[in-house]
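Residue-level listing of the chains:
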Amino acid sequence: MAVLDWRGTQAPARRPVAVVGVQVGLLAVLEICVGLGPVGWAAGIGYAAVLSAVLTRALSRSGARSLGPANQVTLARAELVGGVTALVAAALAGRPVPVAFIVALAAAALVLDAVDGQVARRTGTVSALGARFDMEVDAFLILVLSFFMAGSAGPWVLAIGAMRYVFVAAAWAGPWLRAPLPPSLARKAVAVVQGVVLVVAAAGVLPRPVTIGLLGLALATLSWSFGRDTGWLWRHRPAGIEYRTPARLPAALPALPALRAGASPASLPAGDRSWAGGLLQGRQETAPAGMPGAA
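Residues numbered from 1 in each chain as written. Predicted model: local features only at pLDDT ≥ 70, side-chain atom pairs only at ≥ 80, totals over all residues. Heavy atoms only, no water.

## Topic: the overall build of the protein chain
We count it as follows: By the criteria applied, helices consist of DSSP H or I runs no shorter than four residues and strands consist of E runs no shorter than two, each listed in order from the N terminus. For each residue, the accessible area found with a 1.4 Å probe, counting protein chains only, is set against the maximum for its type, and the residue is called buried under 20%, exposed over 50%, and partly exposed in between. To measure how exposed things are, a 1.4 Å probe is used in the Shrake-Rupley method; for residues, cover is taken only from the protein chains shown.
Across its full length, the protein chain holds 11 helices and zero strands. Ordered by position from N to C terminus, the α and β elements of the protein chain give α-α-α-α-α-α-α-α-α-α-α. Expressed as a percentage of its 295 residues, the buried residues of the protein chain come to 44%. Put simply, the protein chain shows about 14300 Å² of open surface, and 69% of that area lies on carbon and sulfur atoms.

## Topic: the nonpolar core
For the record, the criterion: Put simply, a nonpolar core is a bunch of buried Ala, Val, Leu, Ile, Met, Phe, Trp, Tyr and Cys residues held in one set by side-chain atoms that sit within 4.5 Å of each other. Note on contacts: a residue pair qualifies if any of its non-hydrogen atoms lie within 4.5 Å across the two residues.
Membership of the largest hydrophobic core comes to 55 residues, with the highest contact counts inside it found for Val84, Met149, Ile160 and Leu215. Of all the secondary structure elements, the ones that give two or more residues to this core are helix H1 (16-33), helix H2 (37-62), helix H3 (69-92), helix H4 (99-123), helix H5 (128-153), helix H6 (158-173), helix H7 (185-203) and helix H8 (208-235). Sequence-distant contacts of Val84, that is, excluding residues within four places in its chain, are made with Ile102, Leu105, Ala106, Leu141, Val144 and Leu145.

## Comments concerning the packing of aromatic side chains
Filter applied, for reference: Pairing of aromatic rings covers Phe, Tyr and the six-membered ring of Trp, with a centre-to-centre limit of 6.5 Å; geometry is then stacked below 30 degrees between planes, edge-to-face above 60, and tilted otherwise. Placement of a charge over a ring requires the Lys NZ or Arg CZ to be within 6 Å of the ring centre, with the centre-to-atom vector within 35 degrees of the ring normal.
Going through the model one piece at a time under the given rule, you end up with three aromatic pairs. A centroid spacing of 5.1 Å and a plane angle of 70 degrees characterise the contact between Trp176 and Trp234, whose relative ring orientation is edge-to-face. With Trp176 in the loop between H6 and H7 and Trp234 in helix H8, the pair connects residues that are 58 residues apart, well separated along the chain. By relative accessible area, Trp176 is classed as buried at 11%. In this structure, Arg178 packs its charged tip against the face of Trp172, placed 4.4 Å from the ring centre. It is Arg237 that lies over the ring of Trp234; its NZ or CZ is 3.5 Å from the centre.

## Describing a nonpolar patch on the surface
What counts here: To count toward a patch, a residue needs a relative accessible area over 30% and no salt bridge; like charges are then connected within 9 Å, while nonpolar side chains (Val, Leu, Ile, Met, Phe, Trp, Tyr) are connected within 5 Å. Salt bridge criterion: a side-chain nitrogen from Lys or Arg within 4 Å of a carboxyl oxygen from Asp or Glu.
Taken together, the side chains of Val205, Leu206, Val210, Leu214 and Leu217 make up a nonpolar region of the molecular surface, amounting to roughly 410 Å² of accessible area. Secondary-structure assignment places Val210 in helix H8.

## Looking at the confidence of the model for the protein chain
Operational definition: Confidence per residue, as judged by the predictor, is encoded in pLDDT with a range of 0 to 100.
Across the protein chain, pLDDT averages 79, with 72% of residues at or above 70. Counted against residues more than four places away or in other chains, residues 1-14, with its pLDDT under 50, gives 71 contacts. Per-residue pLDDT stays below 50 along residues 241-252; that stretch engages in 27 contacts with residues further than four places along the chain or on separate chains.

## Let's talk about the pattern of salt bridges
Overall, the coordinates contain seven salt bridges when judged by the stated rule. The partner of Glu136 in a salt bridge is Arg132, and the shortest N-O contact between them spans 2.7 Å. Within this pair, Glu136 and its partner Arg132 are both found in helix H5, separated by four residues, close to a single helical turn. Between Arg228 and Asp229 there is a salt bridge, with its nearest N and O atoms 3.7 Å apart. The class for Arg228 is partly exposed, based on a relative accessible area of 32%. Ionic contacts of the salt-bridge type, sharing partners, join the residues Arg77, Asp113, Asp134 and Asp138 into one network.

## Quick word on the packing of H6 against H8
Cut-off, in case you're wondering: In this analysis, axes come from line fits to C-alpha atoms, helices being fitted only over the stretch in contact, and the angle between any two N-to-C directions falls in the range 0 to 180 degrees. Here the word oblique covers every angle except those under 35 degrees (roughly parallel), over 145 (roughly antiparallel) and from 65 to 115 (roughly perpendicular). The hand of a helix crossing depends on one turn: near helix anticlockwise from the far one by less than a right angle means left-handed, and clockwise means right-handed. Classification convention: Asp, Glu, Lys, Arg as charged; Ala, Val, Leu, Ile, Met, Phe, Trp, Tyr, Cys, Pro as nonpolar; all other residues, Gly among them, as polar.
Where H6 contacts H8, the axes come no closer than 10 Å and their chain directions differ by 15 degrees. The pairing of H6 with H8 is recorded here as roughly parallel in orientation. By crossing handedness, the relation of H6 to H8 is classed as left-handed. Only Leu215, Ala218, Leu219, Leu222, Ser223, Phe226, Thr230 and Leu233 of H8 make contact with H6, whose side of the interface consists of Ala159, Ile160, Met163, Arg164 and Phe167. Its residues assigned to classes, the contact of H6 with H8 shows 10 nonpolar, two polar and one charged.

## Quick look at H8
Quick reminder of the rule: One fewer than the residue count of a helix, multiplied by 1.5 Å, yields its expected span.
Between its first and last C-alpha atoms H8 spans 40 Å; for 28 residues at 1.5 Å apiece the expected length is 40 Å, and the two agree. Residues Thr211, Leu215, Ala218, Leu219, Leu222, Ser225, Phe226, Asp229 and Leu233 constitute the buried set of H8.

## Details of the environment of Ala189
Among the structural elements, Ala189 can be located in helix H7. On the basis of relative accessibility, which here comes to 41%, the residue Ala189 falls in the partly exposed class. Taking the C-alpha atoms as reference points, Ala189 and Thr221, separated by 32 residues in sequence, lie 9.7 Å from one another.

## Comments concerning the packing of H3 against H4
Packing of H3 against H4 brings their axes to within 8 Å, and their N-to-C directions diverge by 165 degrees. One way to sum up the angle between H3 and H4 is to call them roughly antiparallel. Once H3 is placed against H4, the crossing between them reads as left-handed.

## Digging into H6
Note: α-helices contain 3.6 residues per turn, so residues at a spacing of three or four share the same orientation. Our working definition: Working definition for bend: take the seven residues up to and ending at a residue and the seven starting at it, fit an axis to each, and measure the angle between the axes.
For H6, built from 16 residues, the straight-helix expectation of 22 Å at 1.5 Å per residue is met to within 8% by its first-to-last C-alpha distance of 23 Å. Its maximal kink placed at Arg164, H6 deviates by approximately 30 degrees. By the burial criterion, the buried members of H6 are Ile160, Gly161, Met163, Arg164, Phe167 and Ala171.

What follows is the structure, encoded as structure tokens:
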């Protein structure tokens, strides 16, 4: 698990323009080697801009002044993923992109995923925010590779890359899905399997039936992992009051003293009964934390 290091004594954090600059340099190399075209360049620059904005916001919110060595590795991984994004976008736009370049960059990003975690642990710079950064890089790489494989294996492969984002969206409707999960080696193994299988599938070194079988197995294990973690979160969901404010609440504030005194929602005016019942029977919202399927 890679992490962000917030110690001020480490190397200065790259400014957004520097992150974009490094990404543009990689894109320029890819343009010379394979030719990205307008779509590839747009995808690569857009990715770099979003990466810079998100990372800068995370650093600002944490009050951090620097990135440590492990985080530099994670950031390098993120920029490699930007290269994969540009290549896949160019390929989907119809350009003859050599698959070897996609496989090489994606494989390098997967290998570095093991390196940054070791560096973080050895330097004692583990943090939850850094782990989230690493997780999002992994998730986006899997999403991009899923799009690449969907053309040859079928659109169902997109479920591999989309599953985490569907879960994140569902967590907004069900806040209990944001509760922290206990550590799990199985969850980490499943996450690794997704990246490895997608890279091997993209390389095209296996017969098509074997490739389809591996992709199906990867999707099955990922579904099992998310299902298991969702079940655990459901069984351990907190009981209490939902803190989301209904739209009618401001107009119905005069009725709150009656509820506090023990009045039943049925005794309230008809227009106020639905929000009052939901307020009393809702679930307590929890803070965002670990997500199923995360490495």
